[in-house]
Amino acid sequence: MEPDKDLNPDTNDLPLRANTNHILVRHYVLDLTVHLDRKVISGSVVLFLEPCSGLRTKAEDDIGPGARTLEAGGSRDVSVCRSRDMDTMEDGTKGLGGTTTRMEKMFGASERDGAGFQALSAVGSQNAAETENIQSSHSWETTSDGDFTLVLDCCDLDVSKVEEVDVTSVSSTVASERSDVSSVNPQADFIQNLISVPSSRWRQKHQLFLLCSRAHRAQDGSSLHFQRDRWSLQVRKKGVATPQEFPRALRICYETRPTGGSVRWTKDQDNRVCVYTAGSPINNRALFPCQEPPVAMSTWHATVRAPSECVVLMSGEEQTVPIEDRDTPFLIWNYYVTMPMPASTFTLAVGHWHQVTAEIPPALKRGVRAGAHCSKIAKLGAGPGEWTEADLRSGLVSSISEVVKGSSLKTGSGDQTTRSDSAFCYSSLEDEGLSVTDYSGMVDDGICCSHGDYPCRFTEQSARSQRVIPHRVFGPVCLLQKAQGVLKLLPRCLAAAHTVLGVHPFPRLDVLIVPSGFSSLGMASPHIIFLSQSVLYAGSLGSGENGLSLCGSRMCHEIAHSWFGLVIGARDWTEEWISEGFATYLEDIIWAQAQHLSLQETAEQSDLKALLRWRRLSDELQNSEEALQILRPNMENTGQASESGSSTVKHALNPDKTFMQVHYLKGYCLLRFLASQVGEQQFIDFFRLFVKKYHGQLILSQDFLRMLLVTFPSMERKGLTLSAIYADWLDRPGIPKWLYERSAVWSQTRLVEEVKAEVVKWILLSQSHQGKGRKRKRIEPKVNYKEVMSDQLVLLLELLLEEEELSAATVCALQRTYNLQNQDAEVQHRWCELVVKHAYTRAYRDVEHFLVHNQAMGVYLYGELMVQEDPEQQALARRCLSLVTEQMDQSARRVVEEMVL
């Protein structure tokens, strides 16, 4: 396939170039080395490929998400896909040629996998603005236009070699079990059969993938030719005209660039070099060549070598134990996943992280490195990266986990295991009145999975009863004390999420406090959450539980993504509301559950949050272009791709969209509207039904809405049809009528009325300071100010920001009364706005502190400093920018520089 000639690289739409309708990557094996000194990651990735049998059509798209998911697998024809959707799928005991395969004889009959799963990548802030850079092998021009081209999503990578992998030695070992079997293309058959191994034998399957990835390059003299342009890597084999003839396993050797858009090289809060995947709009294509469209599901194994003083955290199903890399100063870390996921969910963080514990060791308090690793180093002779063929062949019936880590604790049926290790925490469960497991409410948990074949936790009794999955928290030394608040809240939030939504989709969770330049408050990926330091416990005196509100609610938001955004993903990334709107709606419900609030308290706090979000959304929609206000920007074309499978993500590279929250806020309001039509509790119960049916699948908006309308037929009798919801909420800019009406109700609730009463007191106090010729101390009224919670304080400051004038004495009294500089970051942000608006010079130091330590939240504050045209404020903005410019996210820095410089 030739590159899209009419694609303009300077548009705001992100191209997804991979030809996923022709061929799919089913498994990646990455072998990477992290060079902190050079700020690059070098190594290779081996791709195991499966050609698709046919192209998806509009008619097939209308069948339903299950059918779409299966067609994405490409290993079945249309009739099979349809029969699966009608619950008449063949049992999968036959191979490609209709006879039982040797792989299936060895491992047992399998249902060929075609799992549907996609993680809506958190919108980041990297904008690929470099000029087009073309790189190719010397003989690219010698291939024919008639040769098939494998197209991978790729940018900011220096590719040195692409080669076919010869799996003959591996396949011959397995074939010896069935010497009577012959084939025209035995290597292709072997890879196809390996891909089709059932999930009940996932350990052996992963071992064979790993063994194949260590094989030598093919020696048939027909090397692979490649070309890389700005957005893609294109690979051909001379004389190969179809996907079916294309090599099934190939190795790509490459190196990342220090400024690559998918990886973020920076320094942590201890001033130590680190790197993490940025979750940028371009996803992981600058980390390794991959297929980015949501339908491209794959499993992976990653071996990462990093300096011995570092900790490597990654998406992976078990805790890994680092292994010494012989005579080098590196350690080897191994992670793997058995649930097919898109390449965009692959998440990596390498740095001098330390695990947060209930008690910080004295050595760490003194700044001395002690116990940096999550567990002891396994001093084995060879790590997984150095396994010999004999080691792997002799271990076909043993577990990768057992080879790497020793014993594992069986927690479910088949081959699924989770680690039982003291490095994981079930912290403070007894203190909080929680238990690790709860077998109540399990009567209606019979799960019939409609996704493809993978080891699914939803079918495991032990997983269903696991309220709190094993978890750890990491961060730099200087933040370990503050991060203890995260460790305290995490089990409560996990247990609450289980109560609301049921089975945790993933077996473990790491939380990392990322460097200060992180571009958002949090980012969820399978098995790992990145959390901004901005949400850490502020430590205000007497704040108690109130001081943990921002941290708790943000963690509940990210945990909610495990269900909406990860195990259920959007089939079209422009429908970002499916992930962010749902997580925003659920964070309130889960956080209320974690706090054990009464129904009345839950409703009151929920309405207060709704009013704050309404105010934010209203302000955002008044100051943004209409095209960015639409939740379904592709409208009736949502989910469609070209004949090859390539597509674009509308507005993904628009710098204005990076800082917008319309998908969070308007999507949240849509869900509030729908809940108001059927009842709050009934709506939450429906969420559990939806998760039960659609976990492991990709969805579009209509999948959720159609099931809702079928479940609650009274909605259509009220005129709430699919087309009506599209018209009012999804396909047009602006604010629906219901939201205007409902916001008036929210503004009259008890908690809001309390805030309004306090605002009046402050306004009266300010007016009393404006009289001429008076001695203020004598006339200042004695006022009793009511204690308010964090969200009320945010609203109070927002309402005071609407006042044209506030006296300096009033601003000072505000700061003193509420200890504003020590509140959470949301309160501090409004406090800084108040300081800037009224030029309260005594608190300029608070503004500087906020801009340095809360970079993800301070972008627009720079604009406020500049728009006042106050020389002292403008100097403050420039000074702050100079202090953080090296650590700041690149997109945020560009936006700020446009305002300041």
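Residues numbered from 1 in each chain as written. Predicted model: local features only at pLDDT ≥ 70, side-chain atom pairs only at ≥ 80, totals over all residues. Heavy atoms only, no water.

### Things to note about the overall build of the protein chain
In terms of regular secondary structure, the protein chain is built from 30 helices and 26 strands. Partitioning the contacts of the protein chain with sequence separation of at least 6, the portion at a separation of at least 24 is 77%. Working note: accessible area of the protein chain is about 33700 Å², and carbon and sulfur atoms make up 49% of it. (Helix = DSSP H or I, 4+ residues; strand = E, 2+ residues; numbered from the N terminus. Contact = heavy atoms within 4.5 Å. Areas by Shrake-Rupley, 256 points an atom, 1.4 Å probe, with all protein chains shown as cover.)

### Here's the deal with the sheet that holds strand 16 (residues 348-351)
A sheet is described by the order of its strands in space; here four strands give the open sequence 10-11-16-13, paired in antiparallel fashion. Both outer strands of the open sheet, strand 10 (263-267) and strand 13 (311-314), are each paired with one neighbouring strand and no more. Ignoring which end each strand starts from, the neighbouring axes of this sheet average 15° apart. Note: strand 11 (residues 273-277) against strand 16, two bridges, orientation antiparallel. For Tyr-276, the partnering residue across the bridge sits in strand 16 and is Ala-349. (Pairing = 2+ DSSP bridges. Axes fitted to C-alpha atoms, helices over the stretch in contact; angles between N-to-C directions.)

### As for the pattern of salt bridges
When the charged atoms of two side chains lie near each other, side chains of opposite charge can form a pair. On inspection of all chains with the given rule, the structure shows 29 salt bridges. Between Arg-251 and Glu-163 there is a salt bridge, with the nearest N and O atoms lying 2.5 Å from each other. Of this pair, Arg-251 sits in strand 9 (residues 249-256) while Glu-163 is found in strand 6 (residues 157-164), placing the two residues 88 residues apart along the sequence. Each of the two residues, Arg-251 as well as Glu-163, counts as buried. Between Glu-826 and Arg-830 there is a salt bridge, with its nearest N and O atoms 2.5 Å apart. With Glu-826 and Arg-830 both in helix 26 (residues 825-837) and four residues apart, this pair spans about one turn of that helix. For Glu-826, a relative accessible area of 18% corresponds to the buried category. (Salt bridge = Lys/Arg side-chain N within 4 Å of Asp/Glu carboxyl O. Buried < 20%, exposed > 50% of the residue type's maximum accessible area, 1.4 Å probe, protein only.)

### Here's the deal with the environment of Ser-196
By secondary structure assignment, the location of Ser-196 is in the loop between helix 6 (186-195) and helix 7 (202-213). Its relative accessible area of 6% is what places Ser-196 among the buried residues. Distance in space between the C-alpha atoms of Ser-196 and Asp-453 is 9.3 Å, their sequence separation being 257 residues.

### What to know about the confidence of the model for the protein chain
Per-residue confidence for the protein chain averages 80 on the pLDDT scale, and 76% of its residues sit at or above 70. Within the model, the stretch residues 426-433 combines pLDDT values under 50 with 17 contacts to residues more than four positions away or in other chains. (pLDDT = per-residue confidence, 0-100.)

### A closer look at the sheet that holds strand 23 (residues 528-531)
If you trace the five strands from one edge of the open sheet to the other, you get 17-20-21-23-22, paired in mixed fashion. Only two strands of the sheet have a single neighbouring strand rather than two, namely strand 17 (354-355) and strand 22 (522-525). In this structure, strand 22 lies alongside strand 23, joined through four bridges in antiparallel fashion. Bridging across to strand 23, Met-523 finds its partner in Phe-530.

### Some words on the environment of Gln-815
Structurally, Gln-815 is set in helix 25 (residues 808-818). Expressed as a C-alpha distance, the spacing of Gln-815 and Trp-831, which sit 16 residues apart in the sequence, is 8.2 Å. Other than its neighbours up to four places away in sequence, Gln-815 contacts Leu-820, Gln-821, Trp-831, Tyr-840 and Asp-846.

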